Amino acid sequence: MFKKYMSTSMVILFLLVSFSMAFASEGPGGNDRKGKYTYRKVYKACAKTGGVESATPKISPADKTMGQWQEIFENKNFDEFGCMDNWSVLPDKDILDIYSYFYNHASDSPSPATCK
Amino acid sequence: MKQRYLPKVFMALIVISSLLFSFQSAFASTPKIEDEALGRTLARQAVKDNKRWSTIDHSKIDALNKDFKTGEEITKACISCHSEAATQFHKTIHWTWLASGDKKDIRYGKAGYSVNNFCISGNAMEDKGCLSCHTSWNKKGVEGDVNCLKCHNDSGFNFNEALGDIKAFLEDGDPDTNEIATDLQQEVKEAVSQVTFPTRKNCGDCHFKGGGGDGVKHGDLDTSLTKPNRMLDVHMGTDGKNFTCTRCHTTVDHHIAGRIYTNPAVETRKSLIEDDLAPKITCVSCHSDEPHKNDSKMNDHTNVVSCQACHIPEYARVNPTMMWWDWTKAGKMKNGKPYIEKGPFGKPVYKSIKGEFKWEKNVKPEYFWSNGSQTSTTINDVIDPAKVVKVSHPVGDKNDPESRIFPFKIHRGKQPYDKVNKKLLAPMLSGEKGYWETFDMNKAIEHGNKTLGIPYSGEFDYVETTYAFPITHMVAPKENALNCNQCHIRKNSRLANITGLYMPGRDKSSLMDTIGWLSVFGALAGVLLHGIGRFFTRNGKEE
């Protein structure tokens, strides 16, 4: 009985650890490739209405670290980006994709990206 | 009495006539204000009617109006008309990365045994980190297809990124990303049609940023030359003649004129007057070898001093350039992670993956004799680690009629060498086994040397090295050319290390000075003695 109890506990513990490890894996789970183009689309739309001078975004993923982007996107603090009218209508899925793009290409990521 | 004074009057008349004649001649030889130096007249003639004309608008060509999915498809479209372009290009150094036309001769070239004291080696194109500057699609090197757009497109569009994204979006089956892919393909189509002869930006995207960043390597080639003014470069200034690189680096069958490692750009200098088919790569071709005004002493220098020596007083005049790279310092961590430290000019002075750097701006060149060729120490050459190893250094001599005193940037550094075999080493930098991942220099060297088939003893150390770059761009306007007294001066002459020849103003001979002064005082003493003697021995002969 005791052996059975121990085995079951071990299995449950193993599953819990694996499950938490999955959550603990770094970064948001959005489509970062799609997020890149969604981000550019925001600025193209904003430039058309005169919200910004150029359609090329001024802020690049490599401008901050992964930790800094995590704080900005988890608190939805997009003031720095400007074009608030365009950001406010973005669905959560698009914001997650943009967050993934910034996080995965931050200055301390394996492949930092800048907007040209 | 009249007879006594007649000779004196006659002598006086001769002296006055001579003075008047000389005075008139002096005025007569003064150049008119509108007279121009020969070099300028010839150069103006050489670039007259510089406008290009074309018989094609590439946006109207059906082969280019397609929804491209890959770069290879684009190249196929290009060579559907330009049928021989790829074949021609495959025989050039921009494709092979080898100096020799014989693919078996891998002595010199990024894909061969050549090294530098920056990122050191291309490891036979195995180091994929270098291949972003290879003219193939998707860093495939010579295994891939020619990327014509790298040189022949001025849209500034990132084709590699866009085509990679198009492929991924079309494969993931998401209607949203399919829509993005369709928009992207339209952008690619619009950008592809902007076909052009190479612009400064096309060449500069690689040649301004060699060594890992803007201005790292050459000193006279950086992004400030994309849109320079005349003050930075009189030839390329957008407010002047706005020359592209290929205006001087002329091209035949995609072979672009210029020095290739040990092979000089030209064997002899010729002006277009002497030979209208002469390469335009040298100053002499357009400006002739007597480019200054007729009565100018500067024309007497042109068989000894290069044009560049006087007309490029400093390099890196807008953006700084790297002067030192010490690999011995690489590998330090902060909190267990690699880091970057920035210094003056906002440039990195330390990177864990590379070591320690120093940068400078407005740099005075160092001068050496040069006949246009340079030595090249490869990883297959034995070195003396007790001395500074000259990885690349000018070849020339004061007795060589083709040699001139030429300005150079000398980049200094420390890089690894084989302690047993006494040869420079070629560590792999990027990729799984590269130093930038493992921070294990020994393993990186093992892997890197293997790509080139050069044995490694397993023991390495570091040696100090130099690498010379000729300074030939960033030609300043003539009013900023060097003054005579920047070379012809006793102390701090720019040519202090050019020895074995006499330079007035810089050099002195104590023996000649002594003889000279003795002669001067001797003559003065002689005149005085003669005069005194005449005075005291006149014996009342005058009335």
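Residues numbered from 1 in each chain as written. Chains lettered and ligands numbered in written order. Predicted model: local features only at pLDDT ≥ 70, side-chain atom pairs only at ≥ 80, totals over all residues.

**Q** Would you take a moment to explain the overall build of chain A for this structure?
**A** Each helix and strand counted, chain A has five helices and zero strands in total. Seen in sequence order, chain A has helices and strands lined up from the N terminus as α-α-α-α-α. A separation threshold of at least 6 residues defines the contact pool for chain A, and within that pool the share at least 24 residues apart is 80%. (Helix = DSSP H or I, 4+ residues; strand = E, 2+ residues; numbered from the N terminus. Contact = placed C-beta atoms within 7 Å.)

**Q** Is there a simple way to think about the pairing of strand E10 (residues 404-418) of chain B in this case?
**A** Where a strand is regular, its side chains alternate between the two sheet faces. All names here are of chain B. Most of E10 is tucked away: 13 of the 15 residues are buried. Where strand E3 (residues 321-326) and E10 come together, three bridges link them in parallel fashion. From the neighbouring strand, aspartate 326 faces E10, where its bridge partner is lysine 414. Sheet topology places strand E7 (residues 366-370) next to E10; five bridges connect them, and they run antiparallel. What sits directly across from tyrosine 367, in E10, is proline 407. (Buried ≥ 20, exposed ≤ 12 C-beta atoms within 10 Å, placed from the backbone. Pairing = 2+ DSSP bridges.)

**Q** What exactly am I supposed to notice about helix H8 (residues 175-192) of chain B here?
**A** Side chains three or four residues apart in an α-helix point the same way, a direct result of the helix having 3.6 residues per turn. All names here are of chain B. Here H8 contains 18 residues, and its C-alpha end-to-end distance of 25 Å stays within 8% of the 26 Å for a straight helix at 1.5 Å per residue. For H8, the complete set of buried residues consists of Thr177, Ile180, Ala181, Leu184, Val188 and Val192. All buried residues of H8 project into a common sector of 105° when viewed along the axis, lining one side. Opposite the buried face of H8, at more than 90 degrees from it, the exposed residues are Pro175, Glu179 and Gln186. (Expected span 1.5 Å × (residues − 1). Arc of directions from axis to C-beta.)

**Q** Sorry, what's going on with unusual backbone geometry here?
**A** Across residues other than glycine, the phi torsion is negative in most instances, and most of the peptide bonds are trans. Residues and elements named next belong to chain B. Although it is not a glycine, asparagine 138 adopts a positive phi angle of roughly 60°. Along the polypeptide, asparagine 138 turns up in the loop between helix H5 (93-96) and helix H6 (149-152). C-beta crowding within 10 Å serves as the criterion here: with 15 such atoms nearby, asparagine 138 is assigned to the partly exposed category. Located in the positive-phi region is serine 288, a residue other than glycine, with phi close to 70°. Checked against the element boundaries, serine 288 lands in the loop between helix H10 (283-287) and helix H11 (307-311). Taking the number of C-beta atoms within 10 Å as the measure of exposure, serine 288 has 24 and is therefore buried.

**Q** Which parts of the structure should I look at to understand the interface of chain B and chain A?
**A** Note: interface size is frequently given as the accessible area lost on complex formation between the parts. Each partner contributes to the interface: chain B provides six residues, whereas chain A provides four residues. When contributions to the side of chain B that touches chain A are tallied by element, the ones reaching two or more residues are helix H7 (159-172) and H8 of chain B. Per element, the largest residue contribution to the side of chain B that touches chain A is three residues, and it comes from H8(B). Split by residue class, the side of chain B that touches chain A holds two nonpolar, two polar and two charged. (Nonpolar A, V, L, I, M, F, W, Y, C, P; charged D, E, K, R; others polar.)

**Q** I would appreciate a short explanation of the confidence of the model for chain A in the present structure.
**A** When pLDDT drops low, the exact placement of atoms in the prediction is not to be read closely. Residues and elements named next belong to chain A. This prediction gives chain A a mean pLDDT of 83; 87% of its residues lie at or above 70. Predicted confidence in chain A is weakest over helix H1 (residues 2-24), with a mean pLDDT of 65, and strongest over helix H5 (residues 92-104), with 95. Across residues 20-25 the pLDDT falls below 50, and counting only partners more than four positions away or on other chains, this stretch makes zero contacts in the model. (pLDDT = per-residue confidence, 0-100.)

**Q** Could you clarify how one ought to interpret helix H9 (residues 200-207) of chain B in this entry?
**A** All names here are of chain B. Every buried residue of H9 is listed here: Arg200, Asn202 and Cys203. Mapping the buried residues of H9 onto a view down its axis gives an arc of 165°, with all of them on the same face. Along its buried surface, H9 packs onto H6.

**Q** Help me understand the pairing of strand E9 (residues 389-394) of chain B, please; the structure alone is not making it clear to me.
**A** All names here are of chain B. Direction of pairing for strand E8 (residues 374-376) relative to E9: antiparallel, over a ladder of three bridges. By the bridge assignment, glutamine 374 is partnered in E9 with proline 394. Relative to strand E12 (residues 460-470), E9 runs parallel, the two being bridged by three bridges. Bridge pairing in E12 places lysine 390 opposite threonine 466.

**Q** Which parts of the structure should I look at to understand the nonpolar core?
**A** When a protein is soluble and globular, its nonpolar side chains tend to lie buried together. Residues and elements named next belong to chain B. Within the largest apolar cluster, 58 residues are counted, with the highest numbers of intra-cluster contacts made by Ile379 and Leu425. Those residues in contact with leucine 425 that lie beyond four places of it in its chain are Ile379, Pro416, Tyr417, Asp418, Ile445, Asn449, Tyr456 and Phe460. Counting 16 residues, the second-largest nonpolar core is a separate cluster that includes Ile74, Val146, Leu149 and Phe169. (Core = buried A, V, L, I, M, F, W, Y, C linked by C-beta atoms within 7 Å.)

**Q** For this particular structure, what's the right way to read the confidence of the model for chain B?
**A** In this model, chain B carries an average pLDDT of 91, and 95% of its residues clear a pLDDT of 70 or more. Interface scoring of the predicted complex returns ipTM 0.76; its pTM is 0.84.

**Q** I tried to follow the environment of B:Lys364 on my own but got confused; where do I start?
**A** Structurally, B:Lys364 can be placed in the loop between strand E6 (355-360) and E7. Not counting chain neighbours up to four residues away, the residues in contact with B:Lys364 comprise B:Glu314 and B:Arg494.

**Q** What's the story with the packing of helix H3 (residues 66-74) of chain A against H5(A) in this structure? I'm lost.
**A** Two packed helices can be described by the angle between their axes and the distance between those axes. Residues and elements named next belong to chain A. Closest axis-to-axis distance for the H3/H5 pair is 8 Å, and the angle between their directions is 160°. With respect to H5, the element H3 is oriented roughly antiparallel. Of the two possible hands of crossing, H3 and H5 adopt the one that is right-handed. On H5, the residues that touch Met66, Trp69, Gln70 and Phe73 of H3 are Tyr99, Phe102 and Tyr103. Split by residue class, the contact of H3 with H5 holds six nonpolar, one polar and no charged. (Axes fitted to C-alpha atoms, helices over the stretch in contact; angles between N-to-C directions. Parallel < 35°, antiparallel > 145°, perpendicular 65-115°, else oblique. Left-handed = near helix turned anticlockwise from the far one by under 90°.)

**Q** What exactly am I supposed to notice about the environment of B:Leu6 here?
**A** With respect to the secondary-structure elements, B:Leu6 resides in helix H1 (residues 2-29). In this structure, the C-alpha to C-alpha distance between B:Leu6 and B:Gln374, residues 368 residues apart in sequence, is 72 Å.

**Q** Could you clarify how one ought to interpret the packing of H7(B) against H8(B) in this entry?
**A** All names here are of chain B. In the contact formed by H7 and H8, the axes pass within 8 Å of each other and the chain directions differ by 150°. Put simply, H7 runs roughly antiparallel to H8. Every pair of crossing elements has a handedness; the one defined by H7 and H8 is left-handed. Residues Phe159, Ala162, Leu163, Asp165, Ile166, Phe169, Leu170 and Asp172 of H7 pack against Thr177, Asn178, Ile180, Ala181, Leu184, Gln185, Glu187 and Val188 of H8. The residue inventory of the contact of H7 with H8, partitioned by class, reads ten nonpolar, three polar and three charged.

**Q** Would you take a moment to explain the environment of B:Tyr417 for this structure?
**A** Inspection of the secondary structure puts B:Tyr417 in strand E10. Those residues in contact with B:Tyr417, other than ones at most four positions away along the chain, are B:Ile383, B:Pro385, B:Lys423, B:Leu424, B:Leu425, B:Phe460, B:Asp461 and B:Val463.

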